[in-house]
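Survey of secondary and tertiary structure
The lines below spell out each chain.
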Amino acid sequence: MVCEQALAYSKNHRIESVVLPDQMAVSASLQFLQDHGIVVEPACGVALAAVYEKVAALSAYKTVLVIVCGGVGSTADDLVELARVECDVGGLSPNQRNL
C-alpha cells in the first residue's frame, strides 16, 4: 500500500534525490537530540541533515516537513560514539560532547 501511494505521488509531484555523507547524518541526529531531547537514528538524521544544512533541493520551499522516527535501537551514547569513532566528526559542539 505504501509503495503504491509513493508511486502515485511520484507521478504528480517532483521527486528529487539528495545524498549526504554519514557524518552529516550523525551530526544532525546529535543536533536534534540537543534541540529537542529526542534520540533518532542516523537513518532518520540524514533527512534532518538536509534541513539543518539547508541543501539546495529544499531552497524553493517555504515549509518543509520532516517526520522523525527511530531511536529505539540507539542511545545518545551510541550517537556520540558514532561521531567520535566511525564518522570521525571532530567538530562536536561542547553540548554534544556532554550528551
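Counting of residues starts from 1 at the beginning of each chain's written sequence and follows it residue by residue. Per-residue local features are limited, in this predicted model, to residues with pLDDT of at least 70; the limit for side-chain atom pairs, both in listing and counting, is 80 or more; totals at the level of whole chains, interfaces and linings are taken over all residues. Side-chain metrics in this entry use all non-hydrogen atoms of the structure; hydrogen atoms and water are not considered.

Digging into a nonpolar patch on the surface
Taken together, Val51, Tyr61 and Val64 make up a surface patch of nonpolar side chains, about 250 Å² in accessible area. Secondary structure follows DSSP: runs of H or I at least 4 residues long count as helices, runs of E at least 2 residues long count as strands, and numbering of each begins at the N terminus. Locating Val51 in the fold gives a position in helix α3 (residues 42–52). Only residues above 30% relative accessible area that lack a salt bridge enter a patch, with like-charged residues linked at up to 9 Å and the nonpolar side chains Val, Leu, Ile, Met, Phe, Trp and Tyr linked at up to 5 Å. For accessible areas, the Shrake-Rupley method is used with a probe of radius 1.4 Å. Any residue's cover is judged against the shown protein chains and nothing else. Here, a salt bridge means any Lys or Arg side-chain nitrogen found within 4 Å of an Asp or Glu carboxyl oxygen.

Comments concerning the side chain of Ser29
The residue Ser29 is located in helix α2 (residues 22–36) in this model. Each residue gets one of three labels from its accessible area relative to the maximum for its type: buried under 20%, exposed over 50%, partly exposed in between, using a 1.4 Å probe on protein chains only. What makes Ser29 buried here is its relative accessible area of 0%. Only heavy atoms enter the contact rule, under which two residues are in contact if any of them lie within 4.5 Å. Filtering out sequence-adjacent residues up to four positions away, Ser29 remains in contact with Val40, Glu41, Pro42, Gly45 and Leu79.

Considerations on the state of the cysteines
To count as a disulfide, a pair of cysteine sulfur atoms needs to be within 2.5 Å. Under the counting rule described, the total for this entry stands at 0 disulfides. As a non-bridged cysteine, Cys44 has Cys69 as the owner of its nearest cysteine sulfur, 4.6 Å distant.

Brief notes about α3
The complete set of buried residues in α3 reads Cys44, Gly45, Leu48, Ala49 and Ala50. Of the residues trailing α3, Lys54 is marked for its positive phi of about 50°.

Examining the side chain of Ser74
Mapped onto the elements of the fold, Ser74 is located in the loop between α3 and α4 (76–86). Once residues lying within four places of it in the same chain are set aside, the contact partners of Ser74 are Val39 and Glu41.

Examining α2
Relative to the 21 Å expected for 15 residues at 1.5 Å per residue, α2 spans 21 Å between its end C-alpha atoms, a close match to the ideal helical length. Residues of α2 that are buried include every one of Ala25, Val26, Ala28, Ser29, Leu30, Phe32 and Leu33, and no others. Each helix should span, by expectation, one fewer than its residue count multiplied by 1.5 Å.

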